[in-house]
Amino acid sequence: MGKPQLSVNHVTGIKELSREDIFLIFETANEFKQVINRPIKKVPSLRDITIANLFFEDSTRTKLSFELAEKRLSADVINFSASSSSVKKGETLIDTVNNILYMKVDMIVMRHPSPGAPHLLAKHVNANIVNAGDGTHEHPTQALLDTFSIYQHFNGEIKGKKVVIVGDIMHSRVALSNIYAMQKLGMEVMVCGPSTLIPKYFHELGVLVENNVQKALEWCDVANILRIQLERQQIRYFPSLREYAMYFGVNRQRLDNLSKNILIMHPGPINRGIEITSDVADSEHSIILEQVENGVAVRMAVLYLLASTRK
Ligand code: CP
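On a predicted model such as this, the values are computed, not experimentally measured, just so you know. (Residues numbered from 1 in each chain as written. Predicted model: local features only at pLDDT ≥ 70, side-chain atom pairs only at ≥ 80, totals over all residues. Heavy atoms only, no water.)

Judged by how many residues are buried, strand β3 (residues 107-112) sits mostly within the fold: six of six residues are covered. Where strand β1 (residues 50-55) meets β3, five bridges bridge the pair, whose relative direction is parallel. Within β3, the position partnered with N53 by the bridge is V109. One crossover worth recording links β3 to the parallel strand β4 (residues 128-134) by way of helix α4 (residues 117-124), and it is right-handed. (Buried < 20%, exposed > 50% of the residue type's maximum accessible area, 1.4 Å probe, protein only. Helix = DSSP H or I, 4+ residues; strand = E, 2+ residues; numbered from the N terminus. Pairing = 2+ DSSP bridges. Right-handed = clockwise from strand over helix to strand, strands pointing away.)

Here the focus is the site of the ligand. Residues in close proximity to the ligand include S59, T60, R61, T62, R111, H139, Q142, P267 and G268, which together make up its full environment. At 3.1 Å from a nitrogen atom of the ligand is found a side-chain nitrogen or oxygen belonging to Q142. Here the ligand has 260 Å² of accessible area as a free molecule, and 91% of this is covered by the chains. Mapping the ligand onto the cavity grids shows that it belongs to the largest pocket. In terms of residue class, the shell around the ligand is made up of one nonpolar, six polar and two charged. (Near = heavy atom within 4 Å. Polar contact = N/O pair within 3.5 Å; in protein donor to acceptor, adjacent residues only side chain to side chain. Areas by Shrake-Rupley, 256 points an atom, 1.4 Å probe, with all protein chains shown as cover. 1 Å grid on protein atoms, 1.4 Å probe; cavity = no way out; pocket = protein on both sides within 12 Å on 5 of 7 lines; lining within 4 Å. Sits in = over half its atoms within 2 Å of the grid points. Nonpolar A, V, L, I, M, F, W, Y, C, P; charged D, E, K, R; others polar.)

On to helix α3 (residues 93-101), then. Where α3 is concerned, the buried positions are L93, T96, V97, I100 and L101. Along the axis of α3, the buried positions cluster into a sector of 135°, meaning they face one direction only. Buried residues in α3 make contact with β1, β2 (76-81), β3 and α4. (Arc of directions from axis to C-beta. Contact = heavy atoms within 4.5 Å.)

Bringing the domain arrangement of the protein into the picture now. Domain boundaries in the protein define domain 1 (14-139 + 292-307) and domain 2 (140-287). On a C-alpha basis, the centroid separation for the pair domain 1 and domain 2 is 25 Å. Listed as interface residues are 30 residues of domain 1 and, on the opposing side, 26 residues of domain 2. Roughly 2,600 Å² is buried in total at the junction of domain 1 and domain 2, and carbon and sulfur atoms are behind 63% of that figure. When the area that domain 1 buries against domain 2 is broken down by residue, the three leading residues are I14, F26 and H139, summing to 28%. Linking domain 1 with domain 2 are one salt bridge. For the salt bridge of E57 with R173, the shortest nitrogen-to-oxygen distance reads 3.1 Å. At the boundary of domain 1 and domain 2, one finds 15 residue pairs in polar contact (both at pLDDT 80 or more). When residues of the side of domain 1 that touches domain 2 are traced back to their parent elements, those giving at least two are α1 (19-36), α2 (61-72), β4 and α11 (288-308). The biggest single contributor to the side of domain 1 that touches domain 2 is α1, with eight residues. (Domains from an automatic or database assignment. Buried area = accessible area lost by both parts, 1.4 Å probe. Salt bridge = Lys/Arg side-chain N within 4 Å of Asp/Glu carboxyl O.)

In the structure shown here, the tally under the stated rule is nine aromatic pairs. Relative to F26, the ring of F23 lies with its centre 6.0 Å away and its plane at 90°, an arrangement referred to as edge-to-face. Linking F23 with F26, this pair stays in helix α1, spanning three residues, or about one helical turn. One cation-aromatic arrangement involves K161 over F154; the distance from NZ or CZ to the ring centre is 4.8 Å. Sitting over the face of the ring of F66, R299 holds its NZ or CZ atom 4.9 Å from the ring centroid. (Phe/Tyr/Trp six-rings, centres within 6.5 Å; stacked < 30°, edge-to-face > 60°. Lys NZ or Arg CZ within 6 Å of the ring centre and 35° of its normal.)

It is worth spelling out the sheet that holds β2 at this point. Spatially, four strands are ordered β2-β1-β3-β4 in an open sheet, and the strand pairing comes out parallel. This sheet does not close on itself; its edge strands, each paired only once, are β2 and β4. Taken pair by pair, the neighbouring strands of this sheet meet at an average axis angle of 15°, ignoring direction. Against the sheet, α3 contacts β1, β2 and β3, and its axis sits at roughly 155° relative to β3. The sheet strands contacting α4 are β3 and β4, and the helix crosses β4 at an angle near 165°. (Axes fitted to C-alpha atoms, helices over the stretch in contact; angles between N-to-C directions.)

Within strand β5 (residues 162-166), four of the five residues are buried, which leaves the element mostly enclosed by the surrounding structure. Both β5 and strand β6 (residues 188-192) contribute to a ladder of five bridges, which runs parallel. Residue pairing across strands places V164 opposite M190, the latter belonging to β6. Handedness of the crossover is the feature at issue here: the chain leaves β5, passes through helix α6 (residues 173-184), returns alongside β6, and the resulting connection is right-handed. Alignment of β5 against strand β8 (residues 222-225), held across four bridges, turns out to be parallel. Residue pairing for β8: V163 is matched across the bridge by V222.

Structure follows, in structure tokens:
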């Protein structure tokens with residue numbers, strides 16, 4: 001029997017991954033986490049593989065994390081940023097990518113503002129595609145690193161764990177990917193925020209909906225707190241950021257009012273004092289920086305397993 005493999009050639013979304021795929025990524029990430037904590041942090045696994053990181057939208061964590069993961073695996077890496085490219089002269093996505101592929105690129109990691117852009121690429125180009133965030137749709141490697149962090153924290157005992165996702169659910173690709181991943185792993189999911197920022201179709205995803213943040217925090221084992229994405233909001237969904245912080249912000253007082261300790265997560269970037277206060281983000285309950293460390297190991301696992309599917 002050969003080595004276990006992913007059931008997909010591309011990681012475009014959590015929706016397309018099976019539960020077995022997710023656990024295979026966790027097992028592999030666990031091994032790579034040990035590698036990146038050794039004095040020599042590099043392995044030759046992706047020698048002779050060339051990966052292009054195409055970022056059509058801003059990023060700090062995801063871009064650096066993928067680049068580091070690729071370098072730790074000894075891949076050759078090229079970076080593309082739309083803001084300094086010929087996209088500004090009117091070149092289409094498919095033309096841009098086909099030109100890059102003719103430079104003999106094997107895998108593409110792409111962040112794009114349009115939902116479905118990585119799925120379109122996967123149909124039209126001969127390379128493994130990894131979605132690094134497509135508009136308000138999915139951010140699969142973020143959900144993998146979030147659930148891997150929960151899995152590690154609870155020593156694998158995650159079935160039935162209750163997770164609340166608090167914040168701007170409507171504009172968040174992290175929320176949708178988290179919901180798909182957590183449900184596949186048997187966790188219970190609640191979303192919490194102003195009604196105006198919770199799409200009506202979310203009721204059909206099998207998640208609980210709560211508008212009172214104190215009640216939501218009392219219900220959960222884990223709170224994943226999201227930023228208000230003002231850059232995606234053309235209209236006002238709530239009166240002011242000050243009012244949002246007052247009604248939905250997670251602060252020390254709200255944690256102190258709970259009958260138990262809960263785990264605090266945030267995918268970043270954080271807007272301190274709005275969705276979360278510093279005394280919560282930097283508290284002993286927070287695993288925000290562990291999420292960042294796990295991100296490199298999880299992305300190494302995704303790239304390594306996708307490369308294994310190449311003929
Ligand atoms: N979590 C996340 O996607 O952060 P960046 O936008 O900085 O990549």
